[in-house]
Amino acid sequence: MDYIKERIIEIGRPKAEMVKDLIKKHGDDVIQDVTLGQVLTGMKGMVSLLTCTSKLDPEEGIRFRGYSIPQLQELLPKVHQGGEPLPEGLFYLMLTGELPTKEDVNHISEQWALRAQGIPAHVYDVINALPKDAHPMIQFNTAILAMSTESQFRKAYLTGMDKKDYWGPTYEGVMDLISRLPVIAAYIYRRVFHNEQYIDIDPSLDWAANLSHMMGYDSLEVQRLMRLYMVIHADHEGGNVSAHATHLVGSALSNPYYSFSAGMNGLAGPLHGMANQNVMHWINKMLREIGVENPSVEQIREYAEMTLRNGQVIPGYGHAVLRKTDPRFTVQLEFAKKYAPDAQLIQLVDKIYQVVPDVLSKTGKVKNPWPNVDAISGSLLSTFGITEYPIYTVLFGVSRALGVLTQLIWDRLYSLPIERPKSQNLQWFIDKVNYQP
């Protein structure tokens, strides 16, 4: 047996028993009050999910198993000293709750490189049957569903097994799926944007570097960027759309491919994973309308104010939970200043950062005027040559697999039941609060 699976059993079985005992002894305890406003405005702030992989703190930002992004940069194994942490290490941390050794990371890299070569031919046939001008997320998600023919969970479930063992084939399916996502993403990228000039996997490279290589970028800087991008987008607590959708569909015992596909349908929305594209469109529109390539701080301020006056939002700013600058924005800006300090696009992003929080604050309507991860991620990719905006959400999706699929394994370890909240019609809410129009 894979030694990582043995470690999961050691860690997971006692926690699964604890969850069962917690429900038995305290299942009727009241743990929070819920307001009508929370229910009718997207359930914000309601604790309704068990997620162990990460936690979003309003003041500190994302923590993966308790570790902040700066701590991960220091503690996770790297290819080169002073480089970016390897996503394989974050996967191991989210999976076990323990910091990995370099050997653990190498083991996962080798496993993923081996499994990545098992994509059946029909998956490529399905992609190729789609129009090239279909959005890359359509092609990506269709390929994910096409790969579900290889689901180890589905095969194991049909043969019959104890539900406490469901996590095992789920783990195998997750490992298969994560290993293959970079291959699919790169294939779509080369199909759509590089005249079908495909590049084979290099088993000697780590997971993120292989993605960079198969996309056609072999510089050390882009490999480092891809490692950073994969780490910081990997998870964001359980209530965001892609994580929640993956969990919800998985709660019906749908296999990892079906579950992850549901999450990717959510990620494709403009309020979620497609937000980085919206940022790039806003920046380019601003440059066109101002009429200069290097606008001044005052010109940016005037344009930002005009955007708000026109009833539009400034994409990349604000967050449903955070109340400070997103640490994921900060580490990307630091990366850019380290490896591309003279890049005009990065300097522009920095100028926007100097202006927009103040513009938003002065409206008196914005709880969080600070930039989030999307405010710079597209600009950073573009600076290093990946200028095709539609692929950005696909890259986000490859990364997000690390967290949501790790949590899917834990959902099965905990034997969590199907998710089934209660709903009511409008009259019920009116009567509940004695509403008088």
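Residues numbered from 1 in each chain as written. Predicted model: local features only at pLDDT ≥ 70, side-chain atom pairs only at ≥ 80, totals over all residues. Heavy atoms only, no water.

**A closer look at the overall build of the chain**
- For the chain, the helix and strand inventory stands at 20 helices and three strands.
- Its C-alpha atoms give the chain a radius of gyration of 22 Å, near enough to 22 Å, the size a compact globule of 437 residues would have.
- Each of the three principal axes of the chain carries a C-alpha extent, and together these read 65 × 65 × 45 Å.
- A separation of at least 24 residues holds for 76% of the contacts in the chain among residues at least 6 apart in sequence.
- For the chain, the accessible surface area stands at approximately 19900 Å², while carbon and sulfur atoms represent 54% of it.
- Where the 42 positive side-chain charges of the chain centre and where its 48 negative ones centre are 5 Å apart. (Helix = DSSP H or I, 4+ residues; strand = E, 2+ residues; numbered from the N terminus. Rg over C-alpha atoms; globule rule 2.2 N^0.38 Å. Contact = heavy atoms within 4.5 Å. Areas by Shrake-Rupley, 256 points an atom, 1.4 Å probe, with all protein chains shown as cover. Lys, Arg positive; Asp, Glu negative; His and termini not counted. Charge placed at Lys NZ, Arg CZ, Asp CG, Glu CD.)

**Remarks on empty space enclosed by the protein**
- This structure, assessed with the given rule, holds three cavities of 30 Å³ or more.
- The calculated volume of the largest cavity comes to roughly 110 Å³.
- For the largest cavity, the lining is made up of 15 residues, of which T51, A243, H247, V404 and Q407 are closest to its centre.
- For the lining of the largest cavity, the secondary-structure elements that each account for two or more residues are α12 (241–250) and α19 (392–413).
- In terms of residue count, the dominant contributor to the lining of the largest cavity is α19 (five residues).
- Classifying every residue of the lining of the largest cavity gives five nonpolar, seven polar and three charged. (1 Å grid on protein atoms, 1.4 Å probe; cavity = no way out; pocket = protein on both sides within 12 Å on 5 of 7 lines; lining within 4 Å. Points joined across faces, edges and corners; volume = space filled by probe spheres on them. Nonpolar A, V, L, I, M, F, W, Y, C, P; charged D, E, K, R; others polar.)

**Quick look at the layout of surface pockets**
- Empty space within the second largest pocket amounts to approximately 1500 Å³.
- As for the second largest pocket, its lining consists of 36 residues, and the residues nearest its centre are I31, Q32, V47, S48 and L49.
- With six residues, helix α1 (residues 3–26) is the largest single contributor of residues to the lining of the second largest pocket.
- Considering only residue class, the lining of the second largest pocket consists of 21 nonpolar, nine polar and six charged.

**Things to note about the packing of helix α16 (residues 327–339) against helix α17 (residues 344–361)**
- For the pair α16 and α17, the least separation of the axes is 10 Å and the interaxial angle reads 140°. In terms of their interaxial angle, α16 and α17 are classed as oblique. As α16 packs across α17, the resulting crossing turns out to be left-handed. In this structure, α16 uses F329, L333, A336 and K337 to contact α17, whose residues at the interface are I346, V349, D350 and Y353.
- Counted by class, the contact of α16 with α17 contains six nonpolar, no polar and two charged residues. (Axes fitted to C-alpha atoms, helices over the stretch in contact; angles between N-to-C directions. Parallel < 35°, antiparallel > 145°, perpendicular 65-115°, else oblique. Left-handed = near helix turned anticlockwise from the far one by under 90°.)

**With respect to the pattern of salt bridges**
- For the coordinates displayed, the defined rule picks out 20 salt bridges.
- A salt bridge links D176 to R115, with the nearest nitrogen and oxygen atoms 2.8 Å apart. Of this pair, D176 sits in helix α9 (residues 167–193) while R115 sits in helix α5 (residues 102–115), and the two are 61 residues apart along the sequence.
- Under the relative-accessibility criterion, D176 is labelled buried at 6%.
- Judged by relative accessible area, which is 13%, R115 ranks as buried.
- The shortest N-O distance in the salt bridge between E298 and R301 comes to 4.0 Å. (Salt bridge = Lys/Arg side-chain N within 4 Å of Asp/Glu carboxyl O. Buried < 20%, exposed > 50% of the residue type's maximum accessible area, 1.4 Å probe, protein only.)

**What to know about α16**
- Here α16 spans 18 Å end to end across 13 residues, near enough to the 18 Å set by a 1.5 Å rise per residue.
- Of all the residues in α16, the buried ones are P327, R328, F329, V331, Q332, L333, F335 and A336.
- Where α16 is buried, its residues meet β2 (61–64), α3 (69–75), α11 (220–232), α17, α18 (374–383) and α19. (Expected span 1.5 Å × (residues − 1).)

**Focus: the side chain of N210**
- Structurally, N210 can be placed in helix α10 (residues 207–215).
- Residues within four places of N210 in sequence aside, it is in contact with I201, D202, P203 and L205.

**Notes on the environment of L267**
- Relative to the helices and strands, L267 is located in helix α13 (residues 256–267).
- We classify L267 as buried; its relative accessible area is 0%.
- Once you skip the residues sitting within four places of it in the chain, L267 turns out to touch M137, S242, H272, G273, M274, T393, F396 and G397.

**Description of the sheet that holds β2**
- Strand order in this open sheet of three strands is β1-β2-β3, and the pairing throughout is antiparallel. Bordering the open sheet on either side are β1 (54–57) and β3 (67–68), each of which pairs with just one other strand.
- Strand direction decides the pairing type here: β1 and β2, joined by four bridges, are antiparallel. Bridge pairing links S54 to F64 in β2. (Pairing = 2+ DSSP bridges.)

Purely geometric numbers; function is a separate question.
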